[in-house]
Amino acid sequence: MTDRIRDYLRVRRDLGQDEGPVMVLDLDVVRDNYTAFARSLPDTRVFYAVKANPAPEVLRLLAEMGSCFDTASVAEMEMVLAAGATADRISFGNTIKKERCIGRALKLGIRLFAVDCQAEVEKIARAAEAVDVPAGEIRVFCRILCDGVGADWPLSRKFGCVPEMAADVLEHAHRQGLEAYGISFHVGSQQGNTEAWDGALGSAAAVFRECAERGIGLSMVNLGGGFPTKYLKAVPGVESYGEAIFRGLTKHFGNQIPETIIEPGRGMVGNAGLIEAEVVLVSRKSADADEVRWVYLDIGKFGGLAETMDEAIRYPIRTARDGDATEPCVIAGPTCDSVDVLYERQLYPLPVSLSIGDKVLIEGAGAYTTTYAAVAFNGFPPLQQIVI
């Protein structure tokens, strides 16, 4: 927790404004994170993954610092443009797009698109013709699958094609008059293994060679996201990832290193935010003294902590009673839904003295919290966010 967040929460309590959970995000931390990415991968363009946290203040700061942006929808593009970025700094990184949304993106000036199949390529070509944008102005990159081993939040097979199919997809784009620009992949979110990019880079290099044999020169590798933030476990610094990625690029591409971009989301804003929540209830399910305690908070899966699904992300939780004796607890949210349990398979140690009404601080909560919060499930309002 930064001093700025600590001071804000103190004033909030003094003013009696702490009636519900709130996520407080420190822009100074975001600024430091962007600088670290830019220094660690100096020849790589940073495309911030807007979905991690689209707060206008975050977008404005990153736009001012020169960041580019990875967007998943027209709404995200419009937010980025409103923050001061130009269209040439925006990619439409979602591989699942409605044709009319592609057309709207083209009208906004977006010219960089992700695909993972020939049908998506055809949608882009048709949309370009419909809005009278020359196909040759549009760059497409094909996303390939990789295993995501080592990630706390592995990504599924929902996005990407097998590497062996990518050359066909890109050749199809080339034949449609689009620019076959490159390859993208994602090694899994919260990736703790700095060497995870090596295998994916090997696959990307193979696609480059196959396309070259077909007379198509690719230019770019999108290294995706996966850069972690610190939760309970220590993680390598950004510099270690930069060094490992450069080794992988040199190993697989030799002296012909392509253009590269990265799409940090969690690594950009995760450690910049903290949630203050409240203990609503502490109870046991029987009178048995050995029965595990249940600690219910006023925030849960539907309030912004969706990434506790399968207990993949284990947030650090701090209390004013830290230092007292602890015991393992189940932690759950406040809604009338049985899946709203955060940690049960692996019990969470909390102070025995923790009581109803106590505040808890959930650290590393700057990414994928406010954007995952339900609008009004059970009548609970969405997670409030304060940017300082």
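The model shown is predicted, which means the values in this text are computed figures rather than measured ones. Every residue gets a number counted from 1 within its own chain, in the order that chain's sequence is written. With pLDDT at 70 or above as the cut-off, local features in this predicted model cover only qualifying residues; side-chain atom pairs require 80 or more to be listed or tallied, and sums for whole chains, interfaces and linings still use all residues. Excluded from the side-chain calculations are hydrogens and water; all other atoms, namely the structure's heavy atoms, are used.

**A word on the overall build of the chain**
Right, on to step 1. Starting at the N terminus, helices and strands are each numbered in turn, a helix being any DSSP run of H or I of at least four residues and a strand any DSSP run of E of at least two. Broken down by element type, the chain carries ten helices and 18 strands.
Right, on to step 2. If you line up the chain on its principal axes, its C-alpha atoms span 75 × 40 × 35 Å.
Right, on to step 3. For every residue, the accessible area (1.4 Å probe, protein chains only) is compared with the maximum for its type, and the residue is labelled buried under 20%, exposed over 50%, or partly exposed between those bounds. Every one of the 388 residues in the chain was classed for burial, and the buried ones make up 53%.
Right, on to step 4. Any two residues having at least one pair of non-hydrogen atoms within 4.5 Å are treated as being in contact. Long-range pairs, those at least 24 residues apart, make up 73% of the contacts in the chain between residues at least 6 apart in sequence.
Right, on to step 5. Counting every atom, the chain has about 16,800 Å² of accessible surface; 51% of that belongs to carbon and sulfur.
Right, on to step 6. Once the 40 positive and 53 negative side-chain charges of the chain are each reduced to a mean point, those two points are 2 Å apart. Values of accessible area rely on a 1.4 Å probe in the Shrake-Rupley scheme; residue burial ignores everything except the protein chains shown. When charges are counted, Lys and Arg are positive and Asp and Glu negative, with His and the chain ends excluded. Here the site of a charge means NZ on Lys, CZ on Arg, CG on Asp, or CD on Glu.

**Topic: the layout of surface pockets**
Right, on to step 1. The space that makes up the largest pocket amounts to roughly 800 Å³.
Right, on to step 2. Method remark: on a 1 Å grid restricted to protein atoms, a set of points is classed as a cavity if a 1.4 Å probe fits but cannot get out and as a pocket if it is open with protein on both sides within 12 Å along at least five of seven lines; lining residues have an atom within 4 Å of a point. Along the wall of the largest pocket there are 35 residues; nearest its centre are Lys 51, Arg 143, Leu 155, Phe 159 and Tyr 368.
Right, on to step 3. Taken together, the elements giving at least two residues each to the lining of the largest pocket come down to strand 3 (68-71), strand 6 (139-143) and helix 10 (266-269).
Right, on to step 4. For each domain, the first and last residues come from an automatic or database assignment. In terms of domain composition, the lining of the largest pocket takes at least three residues from each of domain 1 (3-23 + 270-387) and domain 2 (41-263).
Right, on to step 5. Space inside the second largest pocket adds up to approximately 310 Å³.
Right, on to step 6. Class assignment of the residues belonging to the lining of the second largest pocket gives a composition of twelve nonpolar, six polar and three charged. Grid points are joined across faces, edges and corners, and a volume is the space filled by probe spheres set on the points. When residue character is reported, Ala, Val, Leu, Ile, Met, Phe, Trp, Tyr, Cys and Pro are called nonpolar, Asp, Glu, Lys and Arg charged, and the others, Gly included, polar.

**Remarks on the nonpolar core**
Right, on to step 1. Here, nonpolar core refers to any group of buried Ala, Val, Leu, Ile, Met, Phe, Trp, Tyr and Cys residues whose side-chain atoms link them within 4.5 Å. In terms of nonpolar packing, the biggest core is built from 101 residues, with Tyr 48, Phe 113, Ile 183 and Trp 197 touching the most fellow members.
Right, on to step 2. In terms of residue count, the dominant contributor to this core is helix 8 (residues 196-213) (nine residues).
Right, on to step 3. No fewer than three residues from each of domain 1 (3-23 + 270-387) and domain 2 (41-263) sit in this core.
Right, on to step 4. Phe 113 has contacts with Phe 92, Lys 97, Ile 102, Ala 105, Leu 106, Ile 124, Ile 138, Arg 139, Val 140 and Phe 141, leaving out every residue within four places of it along the chain.
Right, on to step 5. Judged by nonpolar contacts, the second largest core, of eight residues, contains Phe 47, Tyr 181, Met 220 and Ile 261.

**Here's the deal with the UniProt feature "modified residue: N6-(pyridoxal phosphate)lysine" (unreviewed entry) in the chain**
Right, on to step 1. UniProt positions are given in the numbering used here, feature names are shortened, and annotations may be inferred rather than shown by experiment. Sequence positions flagged by UniProt for "modified residue: N6-(pyridoxal phosphate)lysine" (unreviewed entry) are, in local numbering, Lys 51.
Right, on to step 2. Within the secondary structure, Lys 51 is located in the loop between strand 2 (44-49) and helix 3 (56-65).

**Quick look at the environment of Trp 197**
Right, on to step 1. Position of Trp 197 among the secondary structure elements: in helix 8.
Right, on to step 2. We classify Trp 197 as buried; its relative accessible area is 1%.
Right, on to step 3. Between the C-alpha atom of Trp 197 and that of Lys 230, which follows or precedes it by 33 residues, the distance is 20 Å.
Right, on to step 4. Contacts of Trp 197, omitting those with residues within four sequence positions, involve Phe 185, Val 187, Gln 191, Leu 223, Gly 225, Gly 226, Phe 227, Tyr 241 and Ile 245.

**Things to note about unusual backbone geometry**
Right, on to step 1. A positive phi angle is found at Asp 132, which is not glycine, with a value near 60°.
Right, on to step 2. Position of Asp 132 among the secondary structure elements: in the loop between helix 6 (118-130) and strand 6.
Right, on to step 3. Of note in the backbone geometry, Gln 190 takes a positive phi value of approximately 55° without being a glycine.

**Concerning the domain arrangement of the chain**
Right, on to step 1. As assigned here, the chain comprises domain 1 (3-23 + 270-387) and domain 2 (41-263).
Right, on to step 2. Between the C-alpha centres of domain 1 and domain 2 there is a distance of 34 Å.
Right, on to step 3. Counting residues at the interface gives 21 residues for domain 1 and 13 residues for domain 2.
Right, on to step 4. The term buried area denotes the loss of accessible surface (1.4 Å probe radius) that occurs when two parts are joined, taken as the sum for both partners. Buried area between domain 1 and domain 2, summed over both chains or domains, comes out near 1,400 Å², and the portion from carbon and sulfur atoms is 62%.
Right, on to step 5. Considering only the side of domain 1, the residues that lose the most area to domain 2 are Ile 313, Tyr 368 and Val 387, jointly responsible for 32% of the buried surface there.
Right, on to step 6. Take a side-chain nitrogen of Lys or Arg and a carboxyl oxygen of Asp or Glu: if they are within 4 Å of each other, that pair is a salt bridge. Linking domain 1 with domain 2 are zero salt bridges, by the criterion used here.

**A short note on the pattern of salt bridges**
Right, on to step 1. Tallying each qualifying case throughout the model produces 29 salt bridges.
Right, on to step 2. Residue Lys 123 is joined to Glu 120 by a salt bridge in which the shortest nitrogen-to-oxygen separation is 2.9 Å. You can see Lys 123 and its partner Glu 120 sitting in helix 6, three residues apart, about one turn around the helix.
Right, on to step 3. What makes Glu 120 buried here is its relative accessible area of 4%.
Right, on to step 4. Between Arg 139 and Glu 179 there is a salt bridge whose closest N-O contact spans 3.3 Å. In this pair, Arg 139 is assigned in strand 6 and Glu 179 in strand 8 (residues 179-184), connecting sequence segments 40 residues apart.
Right, on to step 5. Under the relative-accessibility criterion, Arg 139 is labelled partly exposed at 34%.
Right, on to step 6. Judged by relative accessible area, which is 27%, Glu 179 ranks as partly exposed.
Right, on to step 7. What you see here is one network of salt bridges that share partners, running through Asp 168, Glu 171, Arg 175, Glu 210 and Arg 214.

**Overview of helix 7 (residues 163-175)**
Right, on to step 1. One less than the number of residues in a helix, times 1.5 Å, gives the span that helix is expected to have. Over its 13 residues, helix 7 runs 19 Å from end to end, which matches the ideal 18 Å to within 8%, given 1.5 Å per residue.
Right, on to step 2. Of the residues making up helix 7, those classed as buried are Pro 163, Ala 166, Ala 167, Val 169, Leu 170, Glu 171, His 172 and Ala 173.
Right, on to step 3. Contacts from the buried residues of helix 7 go to strand 5 (112-115), helix 6, strand 6, strand 8 and helix 8.
Right, on to step 4. Looking one or two residues beyond helix 7, the residue adopting positive phi is Gly 177, at roughly 90°.

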